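Listed below are the residues making up each chain.
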Amino acid sequence: MLDREAAMRADKRVTNRLAVARLRFADACIENIDFAAHRGLDRRNTLSLAHGAWLKAHENLIITGPPDPTT
């Protein structure tokens, strides 16, 4: 029961933070990236970053540029 309460509180915290962030595309996910578009994205490198090994290694990540040149 304690684990369930902790999980519910964590979920509520994430939900609240996402609502406050007012993200433009809140339902965006890594699986929906269109690698066929000419943006210069490397599929292998992008999916490698998505696994989050850089977080576990305590490394920084800076991504620059527009998310979609058509917008």
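See the structure shown above.
Keep in mind the model is a prediction, meaning the values are calculated, not measured.

K.L.:
Explanation requested: the overall build of the protein chain in the structure shown.
P.N.:
In terms of regular secondary structure, the protein chain is built from 3 helices and 0 strands. For the protein chain, the sequential pattern of α-helices and β-strands runs α-α-α. Taking 2.2 N^0.38 as the reference for a compact globule, 71 residues should give roughly 11 Å; the C-alpha atoms of the protein chain span a radius of gyration of 16 Å, well beyond that estimate. Taking all 71 residues of the protein chain together, the buried fraction comes to 4%. Roughly 7,100 Å² of accessible area belongs to the protein chain as shown, and the carbon and sulfur atoms make up 56% of that amount. Distance from the positive charge centre (11 side chains) to the negative charge centre (9 side chains) of the protein chain: 6 Å.

K.L.:
Explanation requested: the side chain of T46 in the structure shown.
P.N.:
Looking at the element boundaries, T46 is found in helix α2 (residues 43-50). Judged by relative accessible area, which is 15%, T46 ranks as buried. A polar contact of 2.8 Å, which involves the side chain of T46, links it to the backbone oxygen of D42.

The rules behind each value
Residues numbered from 1 in each chain as written. Predicted model: local features only at pLDDT ≥ 70, side-chain atom pairs only at ≥ 80, totals over all residues. Heavy atoms only, no water. Helix = DSSP H or I, 4+ residues; strand = E, 2+ residues; numbered from the N terminus. Rg over C-alpha atoms; globule rule 2.2 N^0.38 Å. Buried < 20%, exposed > 50% of the residue type's maximum accessible area, 1.4 Å probe, protein only. Areas by Shrake-Rupley, 256 points an atom, 1.4 Å probe, with all protein chains shown as cover. Lys, Arg positive; Asp, Glu negative; His and termini not counted. Charge placed at Lys NZ, Arg CZ, Asp CG, Glu CD. Polar contact = N/O pair within 3.5 Å; in protein donor to acceptor, adjacent residues only side chain to side chain.

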